[in-house]
Amino acid sequence: EWLELYGLTGLAWLWLIPYFSTLHPILEEIHWRGIAPDQVKGFCGQDFMFAGYHMLVLHELVFWPWLILIFGVLAGSSFFCRWAADQCGGYGLPILTHAAADAGVMVGIWFLLNG
């Protein structure tokens, strides 16, 4: 119902899958890691902003107690991506892990809709 409300059916859904699994991770990593502090010394405000931004989308889709766990996982993921970008000298590993996570979301939604 939520997907239909936002027009994500049929052809729009088919366009969303490749976008969300390829281009979206690149854009998000460049944006979120671009506003992060240069040195990785632990969690920072950017990690919590990254998690909070995703809560804006998920609050309509997930039973609220799960949002607490998801917020922690996303803040930890943000920290990991900052650390990986720092250690690897670029965005390659963060983009790949973000793409894998987004592809997993798409597969999960597909199973929910077609299972």
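We now examine the packing of aromatic side chains. Using the criterion set out here, one finds six aromatic pairs in the structure. Seen in terms of ring centroids, Trp32 and Tyr53 are 5.8 Å apart; in terms of plane orientation they differ by 50°. Their pairing is tilted. Pair noted here: Trp32 is in helix α2 (residues 10-34) and Tyr53 is in helix α3 (residues 45-58), with a separation of 21 residues, a long-range link.

Turning to the environment of Leu58, a few remarks are in order. Checked against the element boundaries, Leu58 lands in helix α3. Residues Leu58 and Ile70, 12 residues apart in the sequence, show an inter-C-alpha distance of 9.2 Å.

What follows concerns the pattern of salt bridges. Tallied over the entire structure, the rule returns two salt bridges. With a closest N to O distance of 2.6 Å, Arg33 and Glu29 form a salt bridge. Placement of the pair is Arg33 and Glu29 together in helix α2, with a separation of four residues, close to one helical turn. Per residue, the accessibility class of Arg33 equals that of Glu29, and both read buried. Asp47 serves as the salt-bridge partner of Arg82, at 2.8 Å between the closest nitrogen and oxygen. Within this pair, whereas Arg82 is found in helix α4 (residues 64-88), its partner Asp47 is found in helix α3, the two being separated by 35 residues in sequence. Just as Arg82 is buried, Asp47 falls in that class too.

Calculation criteria
- Residues numbered from 1 in each chain as written.
- Predicted model: local features only at pLDDT ≥ 70, side-chain atom pairs only at ≥ 80, totals over all residues.
- Heavy atoms only, no water.
- Phe/Tyr/Trp six-rings, centres within 6.5 Å; stacked < 30°, edge-to-face > 60°.
- Helix = DSSP H or I, 4+ residues; strand = E, 2+ residues; numbered from the N terminus.
- Salt bridge = Lys/Arg side-chain N within 4 Å of Asp/Glu carboxyl O.
- Buried < 20%, exposed > 50% of the residue type's maximum accessible area, 1.4 Å probe, protein only.

Structural measurements only, silent on function.
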